2 protein chains.
Amino acid sequence: MARTPQDITDAELNVLQVLWDQGTATVRELTEKLYRECTLSLTATVQKLLERLEGKKCVKRDRKTWPHQFSAILKREELIARQLQTTANKLCEGELNPLLTCLVKAKGLSAEDRQSLRGLLDQLDMDTK
Amino acid sequence: MARTPQDITDAELNVLQVLWDQGTATVRELTEKLYRECTLSLTATVQKLLERLEGKKCVKRDRKTWPHQFSAILKREELIARQLQTTANKLCEGELNPLLTCLVKAKGLSAEDRQSLRGLLDQLDMDTK
DNA sequence: TATCGTACAGACAGATCGTCTGTCTCACAA
DNA sequence: TTGTGAGACAGACGATCTGTCTGTACGATA
């Protein structure tokens, strides 16, 4: 049976992280940021990762500039949401609520966290009224 | 670079799902549930998956019975929590809060959902008082 | 026009993962 | 006790994924 490939690979994610930080970057900048050096082969590697990310509509490339300028299309929050939906599909028949419950029950939620969460909920109540 | 293998594989997860439903099962029962038939090779496949799950401490095997009875050690909620932590590590520097925010902001959270979530929060307030 | 960095295509190797084959062992019936 | 069928276990294979590299074409700058 065909294994389901991960939509965003580890190496691809590293590239995305830099783009999220910088906003926009060239291959050279990305390579140096990621590998702390910039050889020919490393550049090609990053180039390939960008190519794949472009194919996945996660990154866009400005071909009018030289060298090309790359920037992220996919926002960090969108990726988070996508990942959450994926785990929900795998483990909760697509329902997001069980994830919420799990998160809230997990330790590491301070009183302030709870308070700000209540704020968010109130906000939602207002919006849908 | 070594790719990071996924802790629980798709096929392994399918086995776990059945165990979560049934509570306990033999290889034969699992195979029939998963593949709707029970050939020699399919049985071996399930056997191998169980072996790997056992190695990962997700499943335990009762060797006193014949055939062996298998049951899940890892609970569904625990796996959910683990998955959430994994995405948090990849995308939020380990912080769970951003996930919460994402989830709450996502559509598909009804008024009742919000209300029950408030209940959960109140519960937590009580506990930590 | 020579040179250097970038773009692009293609390929490769290591690893993962689902699957299968083969052998041994156990329980049960004849 | 022995034969039989199902399960346990070990090992291996092959498709696929994924990070990386090589090779070639292209574009800009001196």
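Residues numbered from 1 in each chain as written. Chains lettered and ligands numbered in written order. Predicted model: local features only at pLDDT ≥ 70, side-chain atom pairs only at ≥ 80, totals over all residues. Heavy atoms only, no water.

J.: Just to check I follow, could you spell out the protein's contact with DNA strand D for this structure?
T.: Surveying the vicinity of DNA strand D reveals 26 residues, the closest of which are Gln6(A), Thr9(A), Arg3(B), Arg61(B) and Arg63(B). Taken together, the sugar and phosphate atoms account for 71% of what DNA strand D places within 4 Å of the protein. One of the side-chain N or O atoms of Arg61(B) is found 2.6 Å from a phosphate oxygen in DNA strand D. In the model, a phosphate oxygen of DNA strand D is placed 2.7 Å from a nitrogen or oxygen of the Arg63(B) side chain. (Near = heavy atom within 4 Å. Polar contact = N/O pair within 3.5 Å; in protein donor to acceptor, adjacent residues only side chain to side chain.)

J.: Before we go on, may I ask you to explain helix α3 (residues 40-55) of chain A in this structure?
T.: Since the α-helix advances by 3.6 residues per turn, residues separated by three or four positions end up pointing in the same direction. Residue and element names in this part refer to chain A. End to end, α3 covers 23 Å across 16 residues, agreeing with the expected 22 Å (1.5 Å per residue, within 8%). Of all the residues in α3, the buried ones are Leu42, Thr43, Val46, Leu49, Leu50 and Leu53. Projected down its long axis, α3 shows its buried positions confined to an angular sector of 125°, all on one face. Looking at α3, the residues exposed on the side facing more than 90 degrees away from the buried face are Leu40, Ser41 and Gly55. Lining the buried residues of α3 we find α1 (10-22), α2 (27-35), β1 (59-62) and β2 (69-72). Lys57 occupies a position one or two residues after α3 and carries a positive phi of about 60°. (Helix = DSSP H or I, 4+ residues; strand = E, 2+ residues; numbered from the N terminus. Expected span 1.5 Å × (residues − 1). Buried < 20%, exposed > 50% of the residue type's maximum accessible area, 1.4 Å probe, protein only. Arc of directions from axis to C-beta. Contact = heavy atoms within 4.5 Å.)

J.: Could you clarify how one ought to interpret the interface of chain B and chain A in this entry?
T.: Bring the parts together and some accessible area is lost; that lost area is often taken as the interface size. In this complex, chain B contributes 39 residues to the contact, which on the side of chain A involves 39 residues. Between chain B and chain A the total buried area reaches about 3900 Å² when both faces are included, carbon and sulfur atoms providing 69% of it. A per-residue breakdown of the area chain B buries against chain A is headed by Leu91(B), Leu103(B) and Arg114(B), which together make up 18% of the total. With a closest N to O distance of 2.9 Å, Asp122(B) and Arg118(A) form a salt bridge. (Buried area = accessible area lost by both parts, 1.4 Å probe. Salt bridge = Lys/Arg side-chain N within 4 Å of Asp/Glu carboxyl O.)

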